[in-house]
Amino acid sequence: MKIYRNISALITPIGKSALRGTAMRRNVMTVRNACMIVDDRGTIIDAGSEKEIGGRTFEEEIDCKGLLALPGFVDSHTHAVFMGERSSEFCMRAEGKSYQEIAAMGGGIRSSVEHVRNSSATEIADYSQKFVRNALSLGTTTMEIKSGYGLSAESEIALLEAAKRVGELTGMEVLRTWLGAHAVPAGKKQSLYVQELVSEQLPEVIGRHAAEFCDVFCDEGYFTNDEAEEICVAARAAGLKIKLHADELADTSGAALAVKLGSYSADHLLKISDAGILALAGSDRTVATLLPITALCIRSAYAPARKMIESGCAVAVATDCNPGSSMSENMQLAISLAVIGMGMSPEEALSAATLNGAAAVDRASTHGSIEKGKRADFALYDIPSLSYLPYHIGVSDIAAVVKNGRIVSGIL
Ligand code: NIG
Ligand code: FE
């Protein structure tokens, strides 16, 4: 048993399920002069004020030097295993070309597929681990990683194996999502590829226990709602949980489809309609996962976060880390943009990046807040208040990151 002492303030959302609407702000608790007791398995035994719970000695006592503690971020939407880079597309967008125009010119997802296709899982993991290590050093302790740059059974499995491997190499807790339905591979008929997804890729993913979730890029120019439903129904029947890329490039009623399918999240939602917001607000499962770095990088308006929160949705914020539309693994930047670009309060943004992110990957009962019984996943910041985090844009004030009770990045 060990104790982390001398925490100037411990700030955390409270709960074992997603926070909705006003609770995203209301259920954030601050304890000053705090400490945290952690057992040998990395579970929080107690967290609270030194005065109330810190009055005895422990085998190991760690001085947090007056730093401020926040829960580790749960980055619930990333494509963080890939090969190559697409900075030329980034420059083309700066010159005014749209994400879709660049894809039509042979860029986009298919160009990353060309980089991945001839790489082994080991090569992909070796290349990608630096992004995951960066994320850990920036305060993310749990990360969802999608496949989706292979688009064949063999290559999708290689990506999912690479995702597992980067977790082992870095100490990041990685949750895996099969996104074979990210794009149709060049030269293949869309309907035949959907059949291949269901009858070839899915059984391979299940047989190898390679993923926990299935995601589909359900959007204009990618997969239709009917195709998304067919793939997700088959994946659910085979034992996978569902997530959905929805209403990013156009409003196709993807959010409502996500709710209908029992999806853990509907992600992007840049073009969501009022009916979509209503559907999400009425769901007791589907989290609205917003990806403000992507909106910034594809030069789109941000998702209507305020309207969603005021309607009672559970909103999460994630990076969408990928080589095309969001080349960033920095959850602190996503939080800054959530506040600056989407008008969320620092408390709402914190709930969105931690507990609601955990709910979006079915981990809200064990992850996403600093509470008795949860994983001891947190970071210690040299900042005076929560609002200083989004305010100090693009710079990390983290001194140390703790995963399962052990320091995995930085020093104290
Ligand atoms: O989430 N929207 C779909 N997929 C990614 C982009 C992937 C890419 O361009 O490589 C996203 O933004
Ligand atoms: Fe994505």
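Small disclaimer: the values here were computed from a predicted structure and weren't measured.

K.L.:
How would you summarise the overall build of the chain if you had to cite specific residues and measurements?
P.N.:
Per the secondary structure count, the chain includes 17 helices and 16 strands. Taken over C-alpha atoms, the radius of gyration comes to 20 Å for the chain, in line with the 22 Å a tight globule of 412 residues would show. Principal-axis analysis of the C-alpha atoms gives the chain an extent of 65 × 45 × 45 Å. Expressed as a percentage of the 412 residues in the chain, the buried residues total 60%. In the chain, the share of contacts with a sequence separation of at least 24, taken over all contacts with a separation of at least 6, comes to 73%. When the accessible surface of the chain is summed, it comes to about 15,200 Å², and 50% of that surface belongs to carbon and sulfur atoms. Side-chain charges in the chain split into 40 positive and 50 negative, and the spacing between the mean points of these groups amounts to 3 Å.

K.L.:
Go over the pairing of strand β2 (residues 28–38), please, and point to the residues and values.
P.N.:
The sheet contact formed by strand β1 (residues 2–13) and β2 spans 9 bridges and is antiparallel. What sits directly across from Tyr4, in β2, is Met36. Examined bridge by bridge, β2 and strand β3 (residues 44–49) share 5 bridges and lie antiparallel to one another. In the strand pairing of β3, Ala34 is matched with Ser49. As consecutive antiparallel partners, β2 and β3 are separated by 5 residues, and within that stretch Gly42 has a phi angle of approximately 85 degrees, a positive value.

K.L.:
Let's hear about the coordination of the iron ion (ligand 2): which residues, and what values?
P.N.:
For the iron ion (ligand 2), the protein coordination sphere consists of His77 (NE2), His79 (NE2), His245 (NE2) and Asp320 (OD), at 2.0 to 2.4 Å. Taken in sequence order, the residues that donate to the iron ion (ligand 2) follow the motif H-x1-H-x165-H-x74-D. With His79 in the loop between β6 (73–75) and α3 (87–94) and Asp320 in the loop between β13 (315–317) and α14 (331–340), the pair connects residues that are 241 residues apart, well separated along the chain. Note on His79: relative accessible area 2%, which makes it buried.

K.L.:
Summarise the domain arrangement of the chain; cite the residues concerned and give the values.
P.N.:
By a widely used convention, the size of an interface equals the accessible area lost when the partners come together. Under the domain assignment, the chain is made up of domain 1 (2–71 + 368–410) and domain 2 (74–360). Placing the centre of domain 1 and that of domain 2 at their C-alpha centroids yields a distance of 28 Å. Domain 1 puts 34 residues into the contact, and the matching count from domain 2 is 40 residues. Between domain 1 and domain 2 the total buried area reaches about 2,700 Å² when both faces are included, carbon and sulfur atoms providing 65% of it. In terms of surface lost to domain 2, no three residues of domain 1 exceed Arg20, Met24 and Arg25, which account for 25% of the buried area on that side. Linking domain 1 with domain 2 are 2 salt bridges, by the criterion used here. Measuring nitrogen to oxygen at the nearest pair gives 3.3 Å for the salt bridge that ties Arg25 to Glu348.

K.L.:
Account for unusual backbone geometry, naming residues and giving values.
P.N.:
Its identity as a non-glycine residue notwithstanding, Leu269 has a phi of 60 degrees, on the positive side. Mapping Leu269 onto the fold places it in the loop between β11 (265–268) and α11 (274–281). Taking the relative accessible area as the measure of exposure, Leu269 reaches 0% and is therefore buried. Here Asn404, not a glycine, exhibits a phi torsion of approximately 50 degrees, which is positive. If you trace the backbone, Asn404 turns up in the loop between β15 (398–403) and β16 (406–410). Given the relative accessible area of 33%, Asn404 is considered partly exposed.

K.L.:
Explain the environment of Thr252 to me, and be specific about the residues and the numbers.
P.N.:
Locating Thr252 in the fold gives a position in the loop between β10 (241–246) and α10 (254–260). For the pair Thr252 and Thr224, spaced 28 residues apart in sequence, the C-alpha separation works out to 8.3 Å. Beyond its immediate sequence surroundings of up to four residues, Thr252 is in contact with Cys218, Asp219, Glu220, Asn225 and Asp247.

K.L.:
I'd love a proper account of the nonpolar core, names of residues and values included.
P.N.:
Nonpolar side chains in soluble globular proteins generally cluster together in the buried interior. If you look at the biggest cluster of nonpolar residues, it comprises 111 residues, and the most contacted ones within it are Trp178, Phe223, Leu269, Met308 and Met344. For this core, the two domains that each supply at least three residues are domain 1 (2–71 + 368–410) and domain 2 (74–360). Filtering out sequence-adjacent residues up to four positions away, Phe223 remains in contact with Ala181, His182, Ala183, Val184, Gln190, Tyr193, Val194, Leu197, Val216, Phe217, Cys218 and Ile231. Counting 17 residues, the second-largest nonpolar core is a separate cluster that includes Leu10, Cys64, Leu67 and Ile370.

Rules and cut-offs
Residues numbered from 1 in each chain as written. Chains lettered and ligands numbered in written order. Predicted model: local features only at pLDDT ≥ 70, side-chain atom pairs only at ≥ 80, totals over all residues. Heavy atoms only, no water. Helix = DSSP H or I, 4+ residues; strand = E, 2+ residues; numbered from the N terminus. Rg over C-alpha atoms; globule rule 2.2 N^0.38 Å. Buried < 20%, exposed > 50% of the residue type's maximum accessible area, 1.4 Å probe, protein only. Contact = heavy atoms within 4.5 Å. Areas by Shrake-Rupley, 256 points an atom, 1.4 Å probe, with all protein chains shown as cover. Lys, Arg positive; Asp, Glu negative; His and termini not counted. Charge placed at Lys NZ, Arg CZ, Asp CG, Glu CD. Pairing = 2+ DSSP bridges. Donors = N, O, S within 2.8 Å, 3.2 Å for Na, K, Ca; no water. Domains from an automatic or database assignment. Buried area = accessible area lost by both parts, 1.4 Å probe. Salt bridge = Lys/Arg side-chain N within 4 Å of Asp/Glu carboxyl O. Core = buried A, V, L, I, M, F, W, Y, C linked by side-chain atoms within 4.5 Å.

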